[in-house]
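# Summary of the model geometry
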Amino acid sequence: MTRSVMTGFLGRRILVVEDEMLLAMMVQDLILELGGEVVGPAASVGDALSLIRGQKVDGAVLDVNLGRETVYPVAHALNLAEVPFVFVTGYDPASLEEPHRGHATIQKPFSTEDFGEALIQRLGWG
Amino acid sequence: MPTGAFPRLEPSDYRALFEASPGPYLVLAPDLTIVAVNQAYLTATGTEREAILGRDLFEVFPDNPADPEADGVRNLNASLQRVLLYRRPDAMAVQKYDIPIPGDPDGAFEVRYWSPVNTPVLRADGTVGLIIHRVEDVTRLVARDQRTAEIERLAVEQAAMIERLRQANIELARSETSLRASEMRFRAAAEAVSDILWTTTADGRLAGDQPSWRAFTGQSREACQGLGWLDAVHPEDAPATLSGWLSAVDSRMPYEGEHRLRRRDGVWRQFSVRARPVIGEDGAVREWVGVHADITEARRAEAQRRRLLDELNHRVKNSLATVQSIAQQTARTAPSPGAFVADFNGRLLALSHSHDLLTYSDWLGAELCDVVGQTLAPFSSERVSAEGDAVYLAPKAAVALSMALHELVANAAKYGALCGPAGTVDVTWRVEPGDTDMQTLAFTWRERGGPGVIAPSRRGFGSRLLEQGLPHELGAVVSLRFEPAGLTCDISVPLFEARR
């Protein structure tokens, strides 16, 4: 892991929205390793929205498919609050719904290094 | 002419008679030298008496060297030889025997046809003394015959042509019949198939009756005329359809497109459209023939297939990411590579077994007792017991509880009640009464008779899964109590969540 990745994350509060517990745990670990702080993880749109309302968030990692719902309302709220975020998905990035098609996306599964680099780069902290 | 006595002919008169005879005569010796010739013959052949008397017949009249097919010499010689042999007159067939043109500087020949008769003049002893060669120039007759033949040939050709015309007329009549038949077939096909078949005028306007269009759209015959058919096309698709169609008609290029059509019951159906110009023999467009094929179901099936593929892809990727997560978290706490492999394999198998269970139900869900039974299967019923209400879990809850139970079992086998010879585990659960939306699953794992347990100083993957994972994924409340008698784990799951 490069130093820039580490310093870029220092003290950043990152919202994690992921319904699968094992994946949420892994993302949580990765962010902690990178030097960031985890907000959540939230498993649903409702949980995520209440987390955003209650506290300061610097960025977010959003799993697109939350089982019975999609994460787009959270993306919308983050856009309004001007908080940068990346999607994490196992789907084809082209299947993202408008207006998010073409938005920064990390494909599952991912390596620790790729995840850190992608996050730094796409959240604009590089 | 005076009547009465005939005048007596003197021998000299015979010479005059011969000379005056209108028929052309040549008199030959048996060796075929020319011994006498009358004026008619000289005139007919354009020769001079002095030039030919005493000469060989064939030296005087050779074959036309410009006619490779000339056979006059051969035929005449054959006839003369027959006369000498049989001593009888020999009439030859009409001969083409070209004559040198007198005075022609190039020695050219003139085409002539002759009707020759060769007659022997016998001596007293019966031998042939002379041969009278009489010929008649039948060039004009032959020419007339040739004209006649030409006329006959023309007549035959004309007859053939008339016959061909007659046949062509019959063909035409037949093709008119078959054209009518093909129109009828077109109409029958239009009515029989679900596709809509239609025709337009050369300028792309619907004209005449279009039964299959009427039948599908419910438009009246009058309403669909011209460009009226556009009213049945979806308003969003109509502008593109119209411009595409008109440009196809302009360029006389085949039209291909897609649009929605309103069925007579008001339902929109997706159609693919193809049309081709029918070009006449003069190169002009006579009409357009088109087909509308209903592709609504095909599109639906395609979208369904894509959804399934996307879903499959999503699940595979999620499974891989889950395995990755298990590997990373196992690696974080494993004391040795050997321990990592054992723990990782155990967790992977737990995940795999829970998927097996769900596969039986096509991923609709699983009974909790099956989830528990599967996890406890390696142990005898003397060491473990399981009992509880019937609870049907959604796939997510089944996998999560399966993984959590695996951690409890693995921990018990390593450090708890199942590591020694005597300990036991009781697993019980029940559904706490309440409204359907408020029901709770109360699940208890209780170890007895193991080695005395102490709370681990460091939280591993198992406790994290139980204490963080289950609350996160199922909204469960989990308590782990490391009591002297053994570990007790209470899991309370809102069934509202676990059943979804």
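These remarks concern the structure in this document. (Residues numbered from 1 in each chain as written. Chains lettered and ligands numbered in written order. Predicted model: local features only at pLDDT ≥ 70, side-chain atom pairs only at ≥ 80, totals over all residues. Heavy atoms only, no water.)

### Quick word on the overall build of chain B
A count of helices and strands for chain B gives 14 helices and 20 strands. Buried positions account for 36% of the 500 residues belonging to chain B. Taking the intrachain contacts of chain B between residues at least 6 apart in sequence as the baseline, contacts between residues at least 24 apart amount to 52%. Accessible surface, chain B: about 28,400 Å² in total, of which carbon and sulfur atoms supply 57%. (Helix = DSSP H or I, 4+ residues; strand = E, 2+ residues; numbered from the N terminus. Buried < 20%, exposed > 50% of the residue type's maximum accessible area, 1.4 Å probe, protein only. Contact = heavy atoms within 4.5 Å. Areas by Shrake-Rupley, 256 points an atom, 1.4 Å probe, with all protein chains shown as cover.)

### Topic: the pairing of strand 3 (residues 59-63) of chain A
Residues and elements named next belong to chain A. The buried count for strand 3 comes to 5 of 5 residues, which makes it a mostly enclosed element. Residues Gly59, Val61 and Asp63 of strand 3 are buried on one face, and the alternating residues Ala60 and Leu62, pointing to the opposite face, are buried as well. Relative to strand 3, strand 1 (residues 13-17) runs parallel, the two sharing 4 bridges. Considered in strand 3, the bridge of valine 16 is made with valine 61. Relative to strand 4 (residues 85-89), strand 3 is paired through 4 bridges, and the arrangement is parallel. Looking at strand 4, one finds that valine 61 is bridged to valine 86. (Pairing = 2+ DSSP bridges.)

### Here we look at the nonpolar core
Residue and element names in this part refer to chain B. Among the nonpolar cores identified, the biggest contains 50 residues, and Leu368, Leu393, Met403, Trp445, Leu466, Leu470 and Ile491 are the most heavily contacted of them. Per-element tally for this core: the top contributor is helix 12 (residues 395-414), with 11 residues. Beyond its immediate sequence surroundings of up to four residues, leucine 393 is in contact with Leu364, Gly365, Ala366, Leu368, Val371, Ala398, Leu401 and Ala498. In this structure, Leu57, Leu76, Tyr97 and Val128 belong to the second largest nonpolar core, which totals 23 residues. (Core = buried A, V, L, I, M, F, W, Y, C linked by side-chain atoms within 4.5 Å.)

### As for helix 2 (residues 21-34) of chain A
Residue and element names in this part refer to chain A. Compared with the 20 Å implied by 1.5 Å per residue over 14 residues, the 20 Å span of helix 2 between its first and last C-alpha is a close match. The element helix 2 is largely enclosed, with a buried count of 12 among its 14 residues. Considered for burial, the residues of helix 2 that qualify are Met21, Leu22, Leu23, Ala24, Met25, Met26, Val27, Gln28, Asp29, Leu30, Ile31 and Leu34. Looking one or two residues past helix 2, glycine 35 carries a phi angle of roughly 100°, positive in sign. (Expected span 1.5 Å × (residues − 1).)

### Some thoughts on the pattern of salt bridges
Per the counting criterion, the structure on display carries 28 salt bridges over all chains. For the salt bridge of B:Asp90 with B:Arg82, the shortest nitrogen-to-oxygen distance reads 2.8 Å. On the basis of relative accessibility, which here comes to 34%, the residue B:Arg82 falls in the partly exposed class. Linked through salt bridges whose partners overlap, the residues forming this network are A:Asp29, A:Glu33, B:Arg332 and B:Arg464. (Salt bridge = Lys/Arg side-chain N within 4 Å of Asp/Glu carboxyl O.)

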